[in-house]
Amino acid sequence: MSHPLYIAFMWHMHQPYYRDLVTGACSMPWVRLHATKDYLDMLKRLEPFPTIHQTFNVVPSLLDQLEEYLPPANRSDEFLELSRKPAGQLSEQDQRFLLSWFFLANPERMIKPHPRYHDLLAKRGLHVNEEDWPAVQKRFRLNDYLDLQVWFNLVWIDPWLRQKDARLSALEAKGAHFTEEEKRYVLDQHTALIAQVIPAYRQAAQRGQIELTTSPYYHPIMPLLCDLRAALTALPHLPMPSTGFRHPEDARWHLQQGLARHQAAFGQPPRGLWPPEGSVSEEVVRLALDANMSWIATDEEILWRTLKISRAASQLYRPHL
């Protein structure tokens, strides 16, 4: 190769806003679990390689959800509440919830490598018919439910991070017959890892190893929020609702509030914007310019439709004004 190849990686960190703003309840654990498995690990892996630079897009509503797990809010989610509940106090409904959902992990990479966790899955069965649940639940004893609570939360901590914590590593090696105190330690590490995420991104940006970008606050599809008829630009024959929808003021709010949230979390404004799902329109571009964005990102298919030309390698791998 006569010249170096420059590759730009842009990681999009986004989870839908799962928490009910009225009740505070949260049914999905994915913000917490991806924080313990992915968000911090990716930065820690970069630290020994200061010449490698990356771009991370962090959606503002994800920042909110991460902080809600920490003091002073100390909010939970349904999976975490049932993980904290002593195994001896689980109702039959709780037990069924654990057996239904606490195997939500990649089987090849997160379950099968751990004999006890794999045995628990085999004991339940890969698929359970509704009428079979009573018989399935009778196979499980108190220590089975406790081990399942521990293993589900343990495997969602990145394996590299687990090995760096002597106690987590010891629990992984122990494999079975966990105690309630050992379970509490695993769950405490979830909170500790979540607490490190935002500061770690801020520090990596300050030392210049990563660029942090943002998205509109709650990740709306911006062209449709500006004007639902924008869908016809890409799909002229798309059936449309009889009632129009056009609220560019909402789109502007999402963008302005997203920028303010980013500034508050990371101490500096973003230069780049990831429009949700890469969806763009002329109106969205104008909003980005008004907000002093230096660049936005979208995909190759939209590039060809915008330029109205056939695919041309000369148009790839460079910015377009």
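Parameters and conventions
- Residues numbered from 1 in each chain as written.
- Predicted model: local features only at pLDDT ≥ 70, side-chain atom pairs only at ≥ 80, totals over all residues.
- Heavy atoms only, no water.
- Helix = DSSP H or I, 4+ residues; strand = E, 2+ residues; numbered from the N terminus.
- Buried < 20%, exposed > 50% of the residue type's maximum accessible area, 1.4 Å probe, protein only.
- Contact = heavy atoms within 4.5 Å.
- Areas by Shrake-Rupley, 256 points an atom, 1.4 Å probe, with all protein chains shown as cover.
- Lys, Arg positive; Asp, Glu negative; His and termini not counted.
- Charge placed at Lys NZ, Arg CZ, Asp CG, Glu CD.
- Pairing = 2+ DSSP bridges.
- Axes fitted to C-alpha atoms, helices over the stretch in contact; angles between N-to-C directions.
- Right-handed = clockwise from strand over helix to strand, strands pointing away.
- Salt bridge = Lys/Arg side-chain N within 4 Å of Asp/Glu carboxyl O.

Trainee: I'd like a description of the overall build of the protein, backed by residues and values.
Mentor: A count of helical and extended segments in the protein gives 16 helices and five strands. Across its three principal axes, the protein shows a C-alpha extent of roughly 65 × 55 × 45 Å. Split into buried and exposed, the 321 residues of the protein put 46% on the buried side. Of the contacts formed within the protein by residues at least 6 apart in sequence, a portion of 69% connects residues at least 24 apart. A total of about 17700 Å² of accessible surface is found on the protein, and carbon and sulfur atoms cover 56% of it. When the 35 positive and 37 negative side-chain charges of the protein are each reduced to one mean point, those points stand 3 Å apart.

Trainee: Could you give me a rundown of the sheet that holds strand β2 (residues 54-58), with the residues and numbers involved?
Mentor: Taken together, the three strands give an open sheet; going across it, the order is β1-β2-β3, and neighbouring strands pair in parallel fashion. Edge strands, defined here as strands with exactly one partner in the open sheet, are β1 (10-13) and β3 (210-213). Ignoring strand direction, the axes of neighbouring strands in this sheet form an average angle of 20 degrees. When β2 meets β3, the two strands line up parallel, connected through four bridges.

Trainee: Break down the pairing of β2 for me, with residues and values.
Mentor: Side chains on a regular strand alternate between the two faces of the sheet. The buried fraction of β2 amounts to five of the five residues, a majority that puts the element mostly inside the structure. Both faces of β2 are covered, namely the face carrying Gln 54, Phe 56 and Val 58 and the face carrying Thr 55 and Asn 57. Sheet analysis places β1 next to β2, joined by four bridges and oriented parallel. Considered in β2, the bridge of Met 10 is made with Thr 55. In terms of handedness, the path from β1 via helix α1 (residues 30-46) over to β2 forms a crossover that is right-handed.

Trainee: An account of the pattern of salt bridges is requested, with residue identities and associated values reported.
Mentor: For the coordinates displayed, the defined rule picks out 24 salt bridges. Between Glu 301 and Arg 311 there is a salt bridge whose closest N-O contact spans 2.9 Å. Taken together, the positions of Glu 301 in helix α16 (residues 300-307) and Arg 311 in the segment after α16 put the pair ten residues apart, joining distant regions of the chain. One network of salt bridges, with partners in common, ties together Arg 116, Lys 123, Asp 144 and Asp 147.

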